[in-house]
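# A closer look at the structure
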Amino acid sequence: GQNIDQPTEMTATEGAIVQINCTYQTSGFNGLFWYQQHAGEAPTFLSYNVLDGLEEKGRFSSFLSRSKGYSYLLLKELQMKDSASYLCAVRDKGNAGNMLTFGGGTRLMVKP
Amino acid sequence: EPEVTQTPSHQVTQMGQEVILRCVPISNHLYFYWYRQILGQKVEFLVSFYNNEISEKSEIFDDQFSVERPDGSNFTLKIRSTKLEDSAMYFCASREDSSTSYEQYFGPGTRLTVT
């Protein structure tokens, strides 16, 4: 089975940097995704890590350590529009359909 | 930019009724998925579909649920006899058949309310 943990809520200030952590315990592992979800909307893809290390994409970066079962999403130069839920999701190894198992999401509130 | 579309955006039905939720995946994608999200809870996998058959399904996807790709563009989720606890947002997703890209593109969702 899969167990994915991330903080429920975080608050940060506009212009600052915030790090959202995710830990997972899984029977297999074949990649970790971060999605952004605004209230009432669909999740949108942010990043995908399958190897250890940091992936940078503009203001967003994602890090993975497979040995520690740990990932984080780093958001720089926060903007008000970054207020959303951030979902960590794991792709299980070997499953043919590549289903994603999601954590509960971290609701980020960006304040002026 | 191509996108996944879903209809209707909101469906209200009475308990025990059948509902069909419709999705049009991105045209060159070959993997299709249904997820659901009960209000305030996490996104949960229901089923994945590839090569005209179910490739995986979760415990939630019991005999009340079925999926179909009736033509070259639509992908549907049918709930035969709806229950109150089926009230949720249902998301369709698709991805291309690639060994380098595993990104799943989500549709805007259908909010199902069972009364």
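This text goes with the structure placed above it.
Residues numbered from 1 in each chain as written. Chains lettered and ligands numbered in written order. Predicted model: local features only at pLDDT ≥ 70, side-chain atom pairs only at ≥ 80, totals over all residues. Heavy atoms only, no water.

## Remarks on the overall build of chain B
Helix and strand counts for chain B come out as zero helices and 11 strands. For 115 residues, the compact-globule estimate of 2.2 N^0.38 gives 13 Å, and the C-alpha radius of gyration of chain B, at 13 Å, lies within 12% of that figure. In terms of overall dimensions, chain B has a C-alpha envelope of 40 × 25 × 25 Å along the principal axes. Per-residue burial over chain B gives 47% buried out of 115 residues. Considering only residue pairs separated by 6 or more positions, chain B has 54% of its internal contacts joining residues 24 or more positions apart. As displayed, chain B has an accessible area near 5,900 Å², and 44% of this comes from carbon and sulfur atoms. Taking the average location of the 10 positive side-chain charges in chain B and that of its 16 negative ones, the two points are 5 Å from each other. (Helix = DSSP H or I, 4+ residues; strand = E, 2+ residues; numbered from the N terminus. Rg over C-alpha atoms; globule rule 2.2 N^0.38 Å. Buried < 20%, exposed > 50% of the residue type's maximum accessible area, 1.4 Å probe, protein only. Contact = heavy atoms within 4.5 Å. Areas by Shrake-Rupley, 256 points an atom, 1.4 Å probe, with all protein chains shown as cover. Lys, Arg positive; Asp, Glu negative; His and termini not counted. Charge placed at Lys NZ, Arg CZ, Asp CG, Glu CD.)

## Section: the state of the cysteines
Residue and element names in this part refer to chain A. Counting across every chain of the model gives two disulfides over all chains. Put simply, Cys 22 and Cys 88 are joined by a disulfide, and their sulfur atoms are 2.0 Å apart. Judged by the sign of its S-S torsion, about -70°, the cystine formed by Cys 22 and Cys 88 is left-handed. Here Cys 22 is found in strand S3 (residues 18–26), whereas its partner Cys 88 is found in strand S9 (residues 84–91), with 66 residues between them in sequence. (Disulfide = S-S within 2.5 Å.)

## Details of the nonpolar core
Generally speaking, a soluble globular protein has its nonpolar side chains buried in company with each other. In this structure, B:Trp34, B:Leu46, B:Phe61, B:Val67, B:Phe75, B:Leu77 and B:Tyr90 are the most contacted members of the largest nonpolar core, which totals 22 residues. Secondary-structure elements contributing two or more residues to this core are strand S3 (19–24), strand S4 (31–37), strand S5 (44–50), strand S7 (65–68), strand S8 (75–79), strand S9 (88–95) and strand S11 (110–114) of chain B. What B:Leu46 contacts, discounting residues up to four positions off in sequence, is B:Trp34, B:Tyr35, B:Arg36, B:Glu56, B:Lys57, B:Ser58, B:Ile60, B:Phe61, B:Leu77 and B:Tyr90. Within the second largest apolar cluster, 21 residues are counted, among which are A:Leu32, A:Cys88, A:Leu108 and A:Val110. (Core = buried A, V, L, I, M, F, W, Y, C linked by side-chain atoms within 4.5 Å.)

## Some details on the sheet that holds strand S8 (residues 70–75) of chain A
All names here are of chain A. Read from one edge of the open sheet, five strands run S1-S3-S8-S7-S6, paired in antiparallel fashion. With one partner strand each, in any of the chains shown, strand S1 (2–5) and strand S6 (53–57) form the two edges of the open sheet. Taken pair by pair, the neighbouring strands of this sheet meet at an average axis angle of 15°, ignoring direction. Here strand S7 (residues 60–65) pairs with S8 via six bridges, running antiparallel. What sits directly across from Ser 62, in S8, is Leu 73. (Pairing = 2+ DSSP bridges. Axes fitted to C-alpha atoms, helices over the stretch in contact; angles between N-to-C directions.)

## Some details on the layout of surface pockets
Computed from the structure, the largest pocket encloses a volume of approximately 610 Å³. Around the largest pocket sit 29 residues that line it, and A:Gln37, A:Ser85, B:Gln37, B:Gly40 and B:Gln41 are the ones nearest its centre. Elements represented by at least two residues in the lining of the largest pocket include exactly S1, S9 and strand S11 (106–111) of chain A together with S9 and S11 of chain B. Counted by class, the lining of the largest pocket contains 10 nonpolar, 14 polar and five charged residues. (1 Å grid on protein atoms, 1.4 Å probe; cavity = no way out; pocket = protein on both sides within 12 Å on 5 of 7 lines; lining within 4 Å. Points joined across faces, edges and corners; volume = space filled by probe spheres on them. Nonpolar A, V, L, I, M, F, W, Y, C, P; charged D, E, K, R; others polar.)

## Regarding the interface of chain B and chain A
Every contact between the two is made by 19 residues of chain B and, on the other side, 20 residues of chain A. Between chain B and chain A, a total of about 1,600 Å² is buried, with carbon and sulfur atoms accounting for 59% of that surface. When the area that chain B buries against chain A is broken down by residue, the three leading residues are B:Glu56, B:Tyr102 and B:Phe106, summing to 32%. Applying the counting rule to chain B against chain A returns zero salt bridges. Viewed at the interface, chain A and chain B are joined by three residue pairs in polar contact (both at pLDDT 80 or more). Elements supplying a minimum of two residues to the side of chain B that touches chain A: S4, S5, strand S6 (53–57) and S9 of chain B. Among the elements that line the side of chain B that touches chain A, the one with the most residues is S4(B), at four residues. Considered class by class, the residues forming the side of chain B that touches chain A number 10 nonpolar, five polar and four charged. (Buried area = accessible area lost by both parts, 1.4 Å probe. Salt bridge = Lys/Arg side-chain N within 4 Å of Asp/Glu carboxyl O. Polar contact = N/O pair within 3.5 Å; in protein donor to acceptor, adjacent residues only side chain to side chain.)

## Digging into the pairing of S6(B)
Residue and element names in this part refer to chain B. As paired elements, S5 and S6 share four bridges and run antiparallel to each other. Note that in S6 the partner of Tyr 50 across the bridge is Glu 53. From the end of S5 to the start of S6, which pair antiparallel, there are two residues, and Asn 51 there has a positive phi angle of about 55°.

## Here's the deal with the sheet that holds S8(B)
Residues and elements named next belong to chain B. Strand order across the open sheet formed by four strands is S1-S3-S8-S7, with antiparallel pairing between neighbours. Looking at which strands have only one partner, the edges of the open sheet turn out to be strand S1 (5–7) and S7. Sheet twist, expressed as the mean angle between neighbouring strand axes with direction ignored, is 20°. In this structure, S3 lies alongside S8, joined through five bridges in antiparallel fashion.

Keep in mind that these numbers describe shape and distance, not what the molecule does.
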